[in-house]
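# Coordinate analysis (summary)
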Amino acid sequence: LRGCAERVVLRFAPLLAAYIWQREPFRLRCVPARGDTPAHIGGTTLFGDSVEDEWFIVYLLREITREFPGLAASVQDNDGEFLLIEAADFLPKWLNPDTSDNRVFFYKGELHIIPLPETEGKEWEPPASSPTISQALTFLSTRSEESLAAAPIRTAVYKRISGYPEKIQTSFHRAHCYLPAGIVAVLKQRPSLVAAAVQAFYLRDPVDLRACRTFKTFPPDDRVMTVVTFTKCLYAQLVQQKFVPDRRSGYTLPLPSDPQYKAQELGMKLAHGFEILCSKCKVSPDSKTSVLSGPLWERFLSSLKEKNYFKGEMEGSTKYKELLHKAEDYFQHSVTKPESSELSPGDEVLTLLQTTTFDLKEFEKEAASLPPEDDDSWLEISPDELDQMLKETTNQSHTSSNEEEQKYDLETVVESMKAFVSKVSTHEGAEMPWSSDEAHVTFDVDSFTNALDRILGGEDSEELDSDDLDEEEELEFSDEDDEDSDVENQNQAQKAPNKDTGSLRSIMKEMDRELAHTSIGRSFTTQKKAVSSAKATMSQNAGHNSETEDPELTPVDVDMNLVDNLLESYSAQAGLAGPASNILQSMGVHLPDNADRIGPNKEAEK
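Residues numbered from 1 in each chain as written. Predicted model: local features only at pLDDT ≥ 70, side-chain atom pairs only at ≥ 80, totals over all residues. Heavy atoms only, no water.

The name an unreviewed UniProt entry assigns to the chain is ECD protein, from the organism Crypturellus soui.

Printed below as a string of structure tokens:
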């Protein structure tokens, strides 16, 4: 296993050496067998706020299984099988947190899900609950074609890791910073320390800021302009923090209108982060010459040269040294160092300050010809861009043109709501139907009509509602339990439900007549009949004697009332998130913007 781990590290060293991790780097170590888990190569990485670190690890694991076909890889985070969460819309019904243990793997560069047993008589079938890791690996090695995840599941996961390794460079942000020369020298030796400094400043507390009153390690004297490479996550955390330095620190800022204000503010915040790191540590010199002189380092360096890691740079040149420092840093902290003996970032900074010499004039000469910093307009997102990002994230973005989107049919809203009502609802939640483009929606009209008749008390309905059935059962059970009753009384009891049914219908009719003369009845839109004539007839009948029966009530237009109420709720949201838009978007229906604030009734009439 140790030799395999070394080969993996050597193969992916060029990618890992250039990467800046938010909290902890990607490490692999040999883990001995324990219980049902065989000996394997594994590791744990704390990625903090940078979700991209997590998905970069997923990309690495997929590529490792592609490059080394004899390996299978699984990955979990605090939420469990987060790969399944990413593809939750496409998972089979049987796959849930209770049955997903030891079923999700990368094998030969593809995503696999160990299936449930389907037939008997084969040599081995995975158990119905969760297989052991040994059973899962046996299945992968012998019947991998049966465990290949469905295409929609693989597409959802692969989309999340698409763009690597080129995506590594696009995740960086280079900005000008006005920093003490000591920090500039440290970052040239180990650029990844910028992550620890940003985290120290971002998570500071009043105790940490005590050390920043007098800046013993990085005083504001001898500051110089330089370019610092952040990840976009680190840059956003640093630039969005509102902070005023202590007057005793010596750090002062120019007016916001000054061209160097942004660089000086970033440098001031970063200097506070480095000072906080060093204030928590003591000088702990650690020589790395012995680590970088063994045969493993020689093989590691040779592998980097074979894969053109140095990009043709002359040995000894500034760019060559920069790349070499990154490689040394990665090798020292991710390959040879046990996690328990790793130095803290503050100790590393102090050690580098002791062992590194720098020339302030050289730094000033470099500051005179710095490359331009990157544009940070990506920090600002317009509402339209946010909507588009949300649509892409939920896999519900529309591919039609703007003209097609304007041809909006309100019948889609009605059909989606009907499909939602017809779906199964359990203690785990309701099943959300998707748009007609993704799945065929079935709707049982008869069942819906019967249910509506039972609610409205229609004359043609011969079925009882749940309350009537309960009453009927109670009557039947009471008759069966009554041992002293004779046959005649039993027959009378069996006819009681029919009598109760008629009584219930008469009560419902009476309620309808009463509601017809109130504002409640007029609040519903009726079907396309002479609505005004019907209202006039009802008002005239109301003026006649009470013994005259009302004409047949005009049926309620359920679809129109549904649309009317949805649009009214959507209009009340005033462009914000709300129940109407949330439930419709979850079913793949996107209402157009209510830009002109058209009233719900007018919208419904259109």
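## So, the overall build of the chain
For clarity, the cut-off: Numbered from the N terminus, helices here are DSSP runs of H or I no shorter than four residues, and strands are runs of E no shorter than two. For the exposure calls, accessible area comes from a 1.4 Å probe over protein chains only, and a residue counts as buried if that area is under 20% of its type's maximum, exposed if over 50%, partly exposed in between. A contact between two residues is defined here by any heavy atoms of the two lying within 4.5 Å. Residue exposure ignores everything except the shown protein chains as possible cover, and the areas themselves are Shrake-Rupley values with a 1.4 Å probe.
From N to C terminus, the chain includes 26 helices and nine strands. The 606 residues of the chain split such that 35% are buried. Expressed as a percentage of contacts within the chain between residues at least 6 apart in sequence, the contacts between residues at least 24 apart total 75%. Carbon and sulfur atoms provide 51% of the accessible area of the chain, an area that totals close to 36000 Å².

## Quick look at the pattern of salt bridges
Cut-off, in case you're wondering: The salt bridge criterion pairs a side-chain nitrogen of Lys or Arg with a carboxyl oxygen of Asp or Glu, the two atoms within 4 Å.
Summed over all chains, the structure comprises 14 salt bridges. Glu67 is paired through a salt bridge with Arg11; the nearest N and O atoms lie 3.4 Å apart. Here the residue Glu67 occupies a position in helix H2 (residues 51–67), and Arg11 occupies one in helix H1 (residues 2–17), the gap between them amounting to 56 residues. Judged by relative accessible area, Arg11 falls into the partly exposed class, the value being 30%. Residue Glu52 pairs with Lys167 through a salt bridge whose shortest N-O separation is 3.5 Å. Of this pair, Glu52 sits in helix H2 while Lys167 is found in helix H6 (residues 166–170), placing the two residues 115 residues apart along the sequence.

## Re the sheet that holds strand E5 (residues 110–113)
Condition: The pairing criterion is simple: DSSP has to find at least two bridges between the two strands. Note on method: axes are straight lines fitted to C-alpha atoms, helices fitted across the in-contact stretch only, with angles between N-to-C directions ranging 0 to 180 degrees.
Sheet architecture is open: three strands sit in the order E3-E4-E5, paired in antiparallel fashion. Each of the sheet's edge strands pairs with one partner strand only, and the pair in question is strand E3 (72–73) and E5. Here E3 pairs with strand E4 (residues 104–107) via two bridges, running antiparallel. Of the residues in E4, the one forming a bridge with Ala72 is Tyr107. Packed on one face of the sheet, H2 meets E3, E4 and E5 and runs near 55 degrees to E4. Contacts between helix H4 (residues 133–147) and the sheet are confined to E3, E4 and E5, with E4 contributing the most and set at about 75 degrees to the helix.

## Regarding a nonpolar patch on the surface
We apply this condition: Two joining distances apply to patches: 9 Å for like charges and 5 Å for nonpolar side chains (Val, Leu, Ile, Met, Phe, Trp, Tyr), and every residue must have over 30% relative accessible area and no salt bridge.
A grouping of Ile381, Leu386, Met389 and Leu390 is seen on the molecular surface, where their side chains present a nonpolar patch of about 360 Å² in accessible area. If you trace the backbone, Leu386 turns up in helix H16 (residues 383–393).

## As for the nonpolar core
So the rule is basically this: Residues belong to one nonpolar core when they are buried, are Ala, Val, Leu, Ile, Met, Phe, Trp, Tyr or Cys, and are joined through side-chain atoms within 4.5 Å.
Counting residues in each nonpolar core, the largest one holds 93 residues, and the members touching the most others are Leu83, Phe230, Leu270 and Phe274. Not counting the four nearest positions on each side in its chain, Leu270 is found in contact with Leu179, Leu187, Val194, Ala197, Val198, Val228, Phe230 and Leu238.

## Focus on the packing of helix H11 (residues 261–279) against helix H14 (residues 345–355)
Applicable threshold: For classification, angles of less than 35 degrees are called roughly parallel, those exceeding 145 degrees roughly antiparallel, those between 65 and 115 degrees roughly perpendicular, and all remaining angles oblique.
It is at 7 Å that the axes of H11 and H14 come closest, and there the two elements cross at 100 degrees. By the angle class used here, H11 and H14 are roughly perpendicular. Only Pro345, Gly346, Val349 and Leu350 of H14 make contact with H11, whose side of the interface consists of Phe274, Leu277 and Cys278.

## Examining the environment of Asp98
Of note, Asp98 is situated in the loop between helix H3 (82–86) and E4. Residues Asp98 and Ser130 lie 32 residues apart in sequence; the distance between their C-alpha atoms is 8.1 Å.

## What about the packing of aromatic side chains?
How we decide: Put simply, two rings from Phe, Tyr or Trp (the six-membered ring, in Trp's case) pair if the centres are within 6.5 Å, and we call them stacked under 30 degrees between planes, edge-to-face over 60, tilted for the rest. Geometrically, a charge over a ring is one whose NZ (Lys) or CZ (Arg) sits within 6 Å of the ring centre while staying within 35 degrees of the ring normal.
In total, this model carries 13 aromatic pairs according to the counting rule given. Measuring from centroid to centroid gives 6.1 Å for Tyr235 and Trp378, while their planes differ by 55 degrees, and the two rings are tilted. Of this pair, Tyr235 sits in helix H10 (residues 232–239) while Trp378 sits in the loop between helix H15 (360–367) and H16, and the two are 143 residues apart along the sequence. The exposure class assigned to Tyr235 is buried, which follows from its relative accessible area of 0%. Taking the relative accessible area as the measure of exposure, Trp378 reaches 27% and is therefore partly exposed. Three or more aromatic residues link up through ring pairs in this structure, and these residues are Tyr19, Trp21, Phe56, Tyr59 and Tyr164. Lying over the aromatic face of Phe201, Arg204 brings its terminal NZ or CZ to 4.3 Å of the ring centre. A cation over a ring is seen here: Lys232 above Trp378, with NZ or CZ 5.3 Å from the ring centre.

## What to know about the side chain of Arg103
Test applied: In this tally Asp and Glu are treated as negative and Lys and Arg as positive; neither His nor the chain ends contributes. Counted as a polar contact is a pair of N or O atoms within 3.5 Å, where, for protein atoms, one must be capable of donating a hydrogen and the other of accepting one, and residues adjacent in sequence contribute only when both atoms are in side chains.
Here Arg103 lies in the loop between H3 and E4. Notably, Arg103 is buried but unbridged: the nearest opposite-charge side chain belongs to Asp101, and the N-O separation is 8.3 Å. At 3.1 Å, the side chain of Arg103 forms a polar contact with the backbone oxygen of Pro115.

## Side note on the confidence of the model for the chain
Threshold: As a per-residue measure, pLDDT tells how confident the predictor is, with possible values from 0 to 100.
In the predicted model, the chain carries a mean pLDDT of 76, and the fraction of residues at 70 or more is 69%. Confidence over residues 284–290 falls short of pLDDT 50; this stretch has eleven contacts with residues more than four positions distant or in other chains. The low-confidence segment residues 395–407, where pLDDT is below 50, has 16 contacts with residues more than four positions distant or belonging to other chains.

## Focus on the side chain of Gln241
Relative to the helices and strands, Gln241 is located in the loop between H10 and H11. In this structure Gln241 comes out as buried when scored by relative accessible area, which is 18%.

## What to know about the packing of helix H7 (residues 181–189) against H15
Our working rule: When residues are grouped by polarity, Ala, Val, Leu, Ile, Met, Phe, Trp, Tyr, Cys and Pro land in nonpolar, Asp, Glu, Lys and Arg in charged, and all others, Gly among them, in polar.
Put simply, H7 and H15 touch, their axes get as near as 11 Å, and they point 80 degrees apart. Accordingly, the angle class assigned to the pair H7 and H15 is roughly perpendicular. Here Ala181, Val184, Ala185 and Lys188 of H7 lie close against H15, whose contacting residues are Leu360, Phe363 and Glu366. Among the residues forming the contact of H7 with H15, the class breakdown is five nonpolar, no polar and two charged.

## Points about unusual backbone geometry
Residue Tyr164 is joined to Pro165 through a cis peptide bond whose omega torsion reads 5 degrees. Even without being glycine, Asn102 reaches a positive phi, approximately 60 degrees. Its place among the elements puts Asn102 in the loop between H3 and E4. Asn102 sits in the partly exposed class, given a relative accessible area of 28%. Even without glycine at this site, Asp222 takes up a positive phi of about 55 degrees. By the secondary structure assignment, Asp222 is in the loop between helix H9 (206–210) and strand E7 (223–231). What makes Asp222 exposed here is its relative accessible area of 51%.

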